[in-house]
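One-letter residues, chain by chain:
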Amino acid sequence: MKFKYFFILIGIFLCRNELYAQYTPYFKNYSLSEFNAGNQNWGVSISEDGKLYVANNNGLLEFDGINWNFNELPNKTIIRSVLAHKDLIYTGSYEEFGYWRRNNKGKLGYTSLNDLIEKQPQLNEEFWQILSHKDAIIFRSFLNLYIYQDGKIITIKPESTIISIDIVDDIIYVSTLKHGIFILREDHLYPYINGSLLKDSKVISISNYKGKLLISTALKGCFTYSETQLTSWYSEINDIIKKHQLNSFSKLKNGDMIFGTIKNGVYVSNNQGKVLYHINKENGLLNNTVLCQTVDERSKLYVGLDNGLASVDLSSPYSFFNDNSGKLGAVYDIINYEGITYIGTNTGLFYIDKENKLQFIEESQGQVWSLNKIKGDLFCGHNNGTYLVKNKKLKKKISNSTGGWTIKKVPEENNTYIQGTYTGLVKYEKHEGAWHVKHLGEPTIPIKYLAFEDQYTAWLAHAYKGLFRVEFNENHDKIISIVPYEKKGLNSEFNVRVYKIKSDICFKTNEGWLKYESLIDSIVPFNLLNENFGDEAYLLSEENNSELAIKNNKDKIYIQSLIEGEDDLHIPSSYFKDRLIVGSEKISKINDSLYSLNLYGGFMNVNKKNYSHTNTLYKPMLENIKVGDDYIDIDQKATFDFPFKEDVNIAISSAKSSNHFFEYALTINGSLEWIKTENGKIRLSNLSNGDYTLHFRTANSLGDTSDIKVINFTVLPPWYKNSIGIALYGVTAILIILLFYKLHKKKIAKEQRLLEEKFAKEQEDLLKEKAIENEKKIVQLRNQSLKNEVKLKSKQLANTAMALVKKNESMLEIKEELEKQKTGFTNSLAYKHLLRKIDNSIGHEDEWEIFEYNFNQVHEEFFNQLKNKHPQLTHKDLKICAYIKMNLLTKEIAPLMNVSIRGLETHRYRLKRKLNLENDKSLGDYLRNFK
């Protein structure tokens, strides 16, 4: 175990300064999660319309540059080979070969050719290669060749295992394992090359090479053949492919060659065999085992891997230096000094050696901010200070001021430079070959951006907040004036960047571009840059008078030429997606034609010589139309009919275009409003019925667009608006009318019945009302009769009372007369007896009882109620009350009571007290109203 750790430490020590990284063209991996099929890809082919077809473990893959589609064989076997030829895609599998054709709905359908083989009961073989020659298609297995032509198949069986077939200058070469190479002519094999060098060799490819044949083998390298002479090809790449086992080969139009290996990825060499690029797992390829490859007409390479796929853009002006170990970190600056590329990163300073490998410079660990070539020396602005770099080493630390962000030459001074650091400004002056350094003192603030207005005036931008204008003394060794400009038109004091573009001092703030106007000593909006660059764009390069590197808010980076007539250079965002060091992006000019963009884990080179603004965008093709859950016929249709309220999904492609997306528009009121779609899928929903014209085109981030593809379609009216609906409306209307008539008739009958019932009820009510009215009249008459009767009885009662009064008065007068004539009576007893009879006649109880009865008849139990309320009343009291209720006067009542008037008044007073009446209350009123 100890020895194990010892060797690991030794390995780390030996490799600590050397990191594996190389220049590569731009390539893109396609993993299983993207194409959703098997991991192994055995064959690749490009169709005439630019689509990629892949023979995959699970079936046939189709790729249009944006979307993957998967198609499965009926027997669900592995597809080993594929060839896209004209409008057919030929595939070979185990005991199965045939072709795929697109049907009228845009979907691929498979046709087997097995049945065309004569006298072949069971194939028991796999088809590993397919080629086209003239009007024939050749399928190769290890055992046989099958030539499909004119609807027939011819079988050719060599004596040895067939390893490969190739076509060079219209000649078909058939390579076998044991018997060398044959030429296939008129359905017969003729021996051509058979030497000891090729015996038991697996020939991968035969191609044309400088008038000779280049024969590439799996383990013995490459050979050239000319005039019966077979010679080993002496080149750098030959030894490499022997070591890593060649498995596929392609050749570019410019003569460059591509070698796919089993063990170490893809090598690209020139026609002399010198390696130009090496792409493998260490620099980003998904897998080192290359199973197949093909190159399209634009020199774009597609490789099928043992685990995934990749595309390599070999004609692109963009190349990359990538470090996948993670040790390089984030790159902040790149420079070429004395023929060596130096890279400043957040982990230290590196250089690239002659073998394009990354080397770390000792004692440079830490943040490197800037690399500048000044007066023949290389300055390294470091987190720890500023160093001079020489011969791949840190030669000398010339400044202890930390954080050398930026350094600028003083105008009209040959040897004087000013640097912005964490702690303020530092002056550098070269005198007699030596650099003299001085810190300029205040302000001791972090200065990230610096621009000279003139020889003695400069603008400083704080790393985070603030903007200052400073003036230097004549020797630039002292700051004599520092003025903050936050209050002089600066719309935002945070994240200010300052540049000198041509003769203007310009500022980039959070709110947009500004510039300094010296005449008013103020900062004003710079509309020209806001309109041309955008208010969120900023510079990625040093200011100069010929070109500027700019990044806008959409991550679009371009190098804009300030010289009239020169095109801008654009870098598509897909090349650096998720790799920018936001806020510290920088494009360094390496030489007149080469630029470098710093990235995480490496950098990107842009070769201006190879750059062409022309990026042809091809007119989109209609792939299929899906209405609801069903695909519809699209073959040669001028217009389409879509059902109402059904979702319509339209798939389009432009496989020959690159770095593209699609836009579509519906004609509305004669104008087009373009809508972007990234995935080539257009979904239309909730369209009202009517006629439409759909436009779609291919576009890219540069603003280029292709010709417009147009389809016309009609959204059919809903069922309630078509002829069936109208018929239904008619039938419904008739039924409604009939129903209405029936209901109306029923309603009239009901209303008539109700009217009759109402009339009968009204008659009944009227009779009842008449009866009630008659009863009321009878009651009124009866009441009137009773009133009259009461009135009569009252009069009789009054008359009776008055008669009693008169009788009593008469009896009293008789009594008085008798008393006056008392002396005239001789018989006293008779006299007294007479007086007694008179007294009895005046207060006779029978008369009172008759009176009381009649009184109650008239006044309804007057006495009973009065006695109930006032039980203390005497019989005499009740009599007086009755007489008072009858409105008899005191003088009328007194004789009836056989008392004097005065005695009666006294009795009335006492009666009032018994009835609890107040003094102001009338006894007569109380009794007359008593009920």
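Predicted model only: the values in this text are computed from it and were never measured.

Asks: How should I be thinking about the UniProt feature "transmembrane region" (unreviewed entry) in the protein chain in this particular structure?
Replies: If you check UniProt for "transmembrane region" (unreviewed entry), the listed places come out as residues 719–741 in our numbering. Secondary structure content for residues 719–741 is 83% helix and 0% strand, and the end C-alpha separation is 28 Å.

Asks: Please explain the nonpolar core as it appears in this structure.
Replies: Core analysis: the largest hydrophobic core is formed by 32 residues, its most contacted members being Trp513, Phe533, Ile571, Ile587 and Met604. When residues of this core are traced back to their parent elements, those giving at least two are β31 (318–322), β48 (497–501), β52 (538–539), β53 (547–551), β54 (557–561), β55 (569–571), β57 (594–599) and β58 (602–607).

Asks: What's the story with empty space enclosed by the protein in this structure? I'm lost.
Replies: Rolling a probe over the atoms, with the probe sized like a water molecule, indicates the empty space that remains. Applying the stated criterion to the full structure yields three cavities of 30 Å³ or more. The space that makes up the largest cavity amounts to roughly 440 Å³. For the largest cavity, the lining is made up of 23 residues, of which Trp405, Lys448, Tyr449, Glu542 and Lys586 are closest to its centre. Secondary structure elements with two or more residues in the lining of the largest cavity: β36 (368–374), β40 (406–409), β44 (447–454) and β48. Looking at the lining of the largest cavity residue by residue, the class counts come to 10 nonpolar, six polar and seven charged. Here the second largest cavity is characterised by a volume of approximately 50 Å³. Lining the second largest cavity are Phe642, Pro643, Lys645, Glu646, Val648, Leu684, Ser685, Asn686, Leu687 and Val715.

Asks: Explanation requested: helix α9 (residues 875–885) in the structure shown.
Replies: Owing to its 3.6 residues per turn, the α-helix aligns residues three or four sequence positions apart on the same side. Burial of α9 is extensive: nine of the 11 residues sit out of reach of the surface. Those residues of α9 that fall on the buried side of the exposure criterion are Asp877, Leu878, Lys879, Ile880, Cys881, Ala882, Tyr883, Ile884 and Lys885. Among the residues trailing α9, Asn887 stands out with phi positive, at a value near 65°.

Asks: Explain the pairing of strand β19 (residues 188–193) here, please?
Replies: Across a regular strand the side chains alternate sides, sitting on one face of the sheet and then on the other. Relative to β19, strand β18 (residues 181–185) runs antiparallel, the two being bridged by five bridges. Each residue of the ladder has a partner; that of Phe182, found in β19, is Pro191. Between β18 and β19, which follow one another and run antiparallel, lie two residues, and Glu186 among them has a positive phi close to 50°.

Asks: Hey, could you run me through unusual backbone geometry in this one?
Replies: Trans is the common state for peptide bonds, and a negative phi is the common state for residues other than glycine. Omega for the peptide link from Glu442 to Pro443 comes to 0°, which places this bond in the cis form. With respect to the helices and strands, the residue Pro443 is situated in the loop between β43 (434–439) and β44. A positive phi angle, close to 65°, is found at Gln245, a residue other than glycine. Mapped onto the fold, Gln245 is located in the loop between α3 (236–244) and β24 (246–251).

Asks: In this structure, what is going on with the packing of α9 against helix α10 (residues 890–897)? I would like to understand it.
Replies: The geometry of α9 relative to α10 is characterised by a closest axis approach of 10 Å and an angle of 145° between their N-to-C directions. Every pair of crossing elements has a handedness; the one defined by α9 and α10 is right-handed. Between α9, through Lys876, Lys879, Ile880, Tyr883 and Ile884, and α10, the contact on the second element is made entirely by Ile893, Leu896 and Met897. Residue composition of the contact of α9 with α10, by class: six nonpolar, no polar and two charged.

Asks: I keep staring at the packing of aromatic side chains and nothing clicks. Help me out?
Replies: Given two aromatic rings, their pairing is described by the distance between the two centres and the angle made by the two planes. All chains considered together, the criterion is met by 46 aromatic pairs. Centre to centre, the rings of Phe640 and Phe642 are 6.3 Å apart; their planes meet at 15°, and the pair counts as stacked. By the burial criterion, Phe640 is buried, and Phe642 matches it. Between Phe642 and Phe713 the ring centres are 5.0 Å apart and the planes differ by 35°, which places this aromatic pair in the tilted class.

Asks: Explain the sheet that holds strand β49 (residues 504–509) to me, please; I cannot follow it from the model alone.
Replies: In a beta sheet, neighbouring strands are held together by backbone hydrogen bonds and run either parallel or antiparallel to one another. One open sheet accounts for four strands, arranged β48-β49-β50-β51; its pairing is antiparallel. What marks the edges here is a single partner per strand, and that holds for β48 and β51 (522–525). The average angle at which neighbouring strand axes cross in this sheet is 35°, direction not considered. Across four bridges, β49 lies against strand β50 (residues 512–517) in antiparallel orientation.

Asks: Would you take a moment to explain the packing of α9 against helix α11 (residues 901–914) for this structure?
Replies: Between α9 and α11, the shortest axis-to-axis distance is 11 Å and the interhelical angle comes to 100°. Looking at the two axes, α9 sits roughly perpendicular to α11. In this structure, α9 contributes Lys876, Asp877, Ile880, Cys881 and Ile884 to the contact, and α11 contributes Leu904, His907, Arg908, Leu911 and Lys914. Its residues assigned to classes, the contact of α9 with α11 comprises five nonpolar, one polar and four charged.

Calculation criteria
- Residues numbered from 1 in each chain as written.
- Predicted model: local features only at pLDDT ≥ 70, side-chain atom pairs only at ≥ 80, totals over all residues.
- Heavy atoms only, no water.
- UniProt positions renumbered as here; feature names shortened; annotations may be inferred.
- Helix = DSSP H or I, 4+ residues; strand = E, 2+ residues; numbered from the N terminus.
- Core = buried A, V, L, I, M, F, W, Y, C linked by side-chain atoms within 4.5 Å.
- Buried < 20%, exposed > 50% of the residue type's maximum accessible area, 1.4 Å probe, protein only.
- 1 Å grid on protein atoms, 1.4 Å probe; cavity = no way out; pocket = protein on both sides within 12 Å on 5 of 7 lines; lining within 4 Å.
- Points joined across faces, edges and corners; volume = space filled by probe spheres on them.
- Nonpolar A, V, L, I, M, F, W, Y, C, P; charged D, E, K, R; others polar.
- Pairing = 2+ DSSP bridges.
- Axes fitted to C-alpha atoms, helices over the stretch in contact; angles between N-to-C directions.
- Left-handed = near helix turned anticlockwise from the far one by under 90°.
- Contact = heavy atoms within 4.5 Å.
- Phe/Tyr/Trp six-rings, centres within 6.5 Å; stacked < 30°, edge-to-face > 60°.
- Parallel < 35°, antiparallel > 145°, perpendicular 65-115°, else oblique.

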